[in-house]
Amino acid sequence: MTDLAIETEGLVKVFGTNRAVDGIDLRVPAGTVYGVLGPNGAGKTTAVKMLATLLRPDGGRARVFGKDVVEDADTVRGRVSLTGQYASVDEDLTGTENLVLLGRLLGHGRSAARERSAQLLEAFGLAEASDRQVKNYSGGMRRRIDIAASILNVPDLLFLDEPTTGLDPRSRNQVWDIVRAVVAQGTTVLLTTQYLDEADQLASRIAVIDHGKVIAEGTKGELKASVGSGSVRVRLRDPEQRAEAERVLTTALDATVQLDPDPVALTATLDGRGTGLGAAEQAARALTELARAGIMVDDFGLGQPSLDEVFLALTDRAPAARTPAHDPKETPA
Ligand SMILES: Nc1ncnc2c1ncn2[C@@H]1O[C@H](COP(=O)(O)OP(=O)(O)OP(=O)(O)O)[C@@H](O)[C@H]1O
Ligand SMILES: [Mg+2]
């Protein structure tokens, strides 16, 4: 049996009449990045706060490394760290001052705190900014110092609540590298995100939550497979043959066929359940049937379903659009 870093059963949090977390069951294997994916208001932060002992559950139970988050809250607190969506460093202090102060609060001696602080600032690319006040940091630097602060003591379990929301692509990649480095040291990471590509990049398993409930859970491969096996995109020689090609593909593959804006292109979304064939076999069948019908194909491609398609299929809604922050000051906290 794999060790579980987190195990919840029917976890509930109610605010007034709003069941923000409405019966969540999670099993997070130790030593991995586990993604909790959901739109605004899905209940991600509320769930994380209960797991980090900052909020008391109204129902169900949750264990962190086998310890109950209510009954053994102190033990749990000793093993976890949280980088919040609404983070913790002091704006008026410099990077170094923040980390040294927090290190001292965690019980490090003065020189140990200074040493660890310098080490983290260096590792996170903040050495040059170490003597500047945090209020003058860009959004990306700010997020990195937040994560640095949360791993002053290397925790067994790190909660990262939307660590890259509002960051530009470069800063986002830096945060991703940090997450990978943290996991390589043996820390389990529970990462919440609204971004499918982020979960795709970092997480080995993903729970999709919406309205306080887990609506899908599995490895990335399992989630993708749950919406079908992919798609076949075909480009024809002659746009006049497109209507006929659409009919042939619909029948041959038992698939939904979309006409692309390009007048010679069409895409069949494969549904692995129906035919029992893999994507490649279905593509072969599609090409055979098109040839048999006398339709000339210039080009074709096979696509894997994206996590975006998974999300859309599960929630009937498009996922959050990524909006890079142009002005770091406007970065959501
Ligand atoms: N302290 C609170 N008091 C009342 N309602 C709350 C409180 N905290 C959260 N909620 C509500 O609970 C629901 C879930 O909120 P939560 O912050 O957990 O969502 P989230 O998934 O983290 O969203 P986001 O992506 O916007 O951060 C929302 O409807 C929110 O308005
Ligand atoms: Mg949140």
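Everything in this summary refers to the structure shown in the same document. (Residues numbered from 1 in each chain as written. Chains lettered and ligands numbered in written order. Predicted model: local features only at pLDDT ≥ 70, side-chain atom pairs only at ≥ 80, totals over all residues.)

For the rest of this paragraph, the subject is the sheet that holds strand β11 (residues 230–236). If you trace the four strands from one edge of the open sheet to the other, you get β12-β13-β11-β14, paired in antiparallel fashion. Either end of the sheet is taken by a strand with one partner, and the two such strands are β12 (256–259) and β14 (297–303). Averaged over all neighbouring strand pairs, the angle between strand axes comes to 20°, with direction disregarded. Here β12 pairs with strand β13 (residues 265–270) via four bridges, running antiparallel. (Pairing = 2+ DSSP bridges. Helix = DSSP H or I, 4+ residues; strand = E, 2+ residues; numbered from the N terminus. Axes fitted to C-alpha atoms, helices over the stretch in contact; angles between N-to-C directions.)

The subject of this paragraph is the site of ligand 1. Among the 13 residues in the neighbourhood of ligand 1, the closest are listed as F15, A20, K44, T45 and T46. Considering every element that reaches the shell around ligand 1, the biggest residue donor is helix α1 (residues 44–51), with three residues. Across the shell around ligand 1, the residue classes break down as three nonpolar, nine polar and one charged. (Near = placed C-beta within 6 Å. Nonpolar A, V, L, I, M, F, W, Y, C, P; charged D, E, K, R; others polar.)

Direction vectors running N to C along helix α9 (residues 242–253) and helix α11 (residues 279–292) enclose 135°, while the axes themselves pass 9 Å from each other. Judged by the inter-axis angle, α9 sits oblique to α11. Between α9 and α11 the crossing geometry is right-handed. Here A245, V248, L249, A252 and L253 of α9 lie close against α11, whose contacting residues are Q282, R285, A286, E289 and L290. (Parallel < 35°, antiparallel > 145°, perpendicular 65-115°, else oblique. Left-handed = near helix turned anticlockwise from the far one by under 90°. Contact = placed C-beta atoms within 7 Å.)

Let us look at the sheet that holds strand β3 (residues 33–37). Pairing within the open sheet is mixed, and its six strands lie in the order β6-β7-β8-β3-β9-β10. In this open sheet, the two strands that pair with only one neighbour each are β6 (80–83) and β10 (213–219). When the angles between neighbouring strand axes are averaged without regard to direction, this sheet yields 15°. Where β6 and strand β7 (residues 157–161) come together, four bridges link them in parallel fashion. Of the residues in β7, the one forming a bridge with S81 is L158. Contacts between helix α5 (residues 139–150) and the sheet are confined to β6 and β7, with β6 contributing the most and set at about 165° to the helix. Together, β3, β7 and β8 (188–193) form the strand contacts of helix α6 (residues 169–184), whose direction differs from that of β8 by roughly 155°.

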